[in-house]
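Tertiary structure, described
Now for the letters of each chain:
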Amino acid sequence: MSDLALPSPPPPPLSGTKKNAIKNKKKREKEKRKKRSQKFLTTLHEQVPPFLQAMESRLKEIHDIDVSNYTADHVCWRTETMEEYTDLVEALKNSTTKDWTLLIESTIGGRSIATFRLTCSGIQVDDDTNNNK
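Scope of this entry: the structure provided in the associated data block. (Residues numbered from 1 in each chain as written. Predicted model: local features only at pLDDT ≥ 70, side-chain atom pairs only at ≥ 80, totals over all residues. Heavy atoms only, no water.)

Glancing now at the overall build of the chain. Helix and strand content of the chain: two helices and two strands. N-terminal to C-terminal, the α/β element order of the chain is α-α-β-β. Expressed as a percentage of its 133 residues, the buried residues of the chain come to 15%. Long-range pairs, those at least 24 residues apart, make up 54% of the contacts in the chain between residues at least 6 apart in sequence. Entry remark: accessible area of the chain is about 11,200 Å², with carbon and sulfur atoms responsible for 53%. (Helix = DSSP H or I, 4+ residues; strand = E, 2+ residues; numbered from the N terminus. Buried < 20%, exposed > 50% of the residue type's maximum accessible area, 1.4 Å probe, protein only. Contact = heavy atoms within 4.5 Å. Areas by Shrake-Rupley, 256 points an atom, 1.4 Å probe, with all protein chains shown as cover.)

Between its first and last C-alpha atoms helix α1 (residues 16-63) spans 68 Å; for 48 residues at 1.5 Å apiece the expected length is 70 Å, and the two agree. Maximal helix bending in α1 amounts to about 25°, located at Gln47; proline Pro49 follows within four positions. Looking at the buried side of α1, the elements it contacts are α2 (82-93), β1 (100-108) and β2 (111-118). (Expected span 1.5 Å × (residues − 1). Bend = angle between axes of the 7 residues up to and from the residue.)

Attention now moves to the pairing of β2. As paired elements, β1 and β2 share eight bridges and run antiparallel to each other. What sits directly across from Ile104, in β2, is Thr115. With antiparallel pairing between neighbouring strands as the criterion, β1 and β2 make up a hairpin whose turn holds two residues, including Gly109 at a positive phi of roughly 60°. (Pairing = 2+ DSSP bridges.)

Applying the stated criterion across every chain yields a total of two salt bridges. Lys60 is paired through a salt bridge with Asp64; the nearest N and O atoms lie 3.2 Å apart. When its relative accessible area of 34% is taken as the criterion, Lys60 is described as partly exposed. In this structure, Lys93 engages Glu90 in a salt bridge whose closest nitrogen and oxygen atoms are separated by 3.2 Å. (Salt bridge = Lys/Arg side-chain N within 4 Å of Asp/Glu carboxyl O.)

Core analysis: the biggest nonpolar cluster contains 10 residues, these being Phe40, Leu41, Leu44, Val48, Tyr85, Leu88, Val89, Leu92, Trp100 and Phe116. Within the residue set of this core, elements represented by two or more residues are α1 and α2. Here Leu92 is in contact with Ser37, Phe40, Trp100 and Phe116, once residues within four sequence places are set aside. (Core = buried A, V, L, I, M, F, W, Y, C linked by side-chain atoms within 4.5 Å.)

Examined against the element boundaries, Ser37 turns out to sit in helix α1. The exposure class assigned to Ser37 is buried, which follows from its relative accessible area of 2%.

Take the environment of Trp100 next. Inspection of the secondary structure assignment puts Trp100 in strand β1. Every residue in contact with Trp100, bar those within four places of it in the chain, is listed here: Ser37, Phe40, Leu41, Leu44, Leu92, Ser95, Phe116, Arg117, Leu118 and Thr119.

Remember, this is a structural readout, not a statement about activity or role.
Here it is, written out as structure tokens:
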């Protein structure tokens, strides 16, 4: 008798029900990523302009520094947990709308950092500061 093992037979083909379940799961995951990336973009549109306006106002009020002629070229977003970070990065990387392009992902100071280029409509900050004087 030989010590050679016989190859195991190939697994049986998936039934139609299993194929549909796998296909439906992938579809749900894709839709979940799409919703997560859309929610993030909405959050950026809602929170970034007021934040930038507040920073501009504070710099002018406290330090008499006028930055109204400058444009922010990036925004940093910190997640609460590594799970949230991973979910968001995966959602943006796999976004079906292609609004995001991953530039680099690395670890800085023990924290994972991902840098994306936003390729959809820009986030605008209305310049009301000069009109209120």
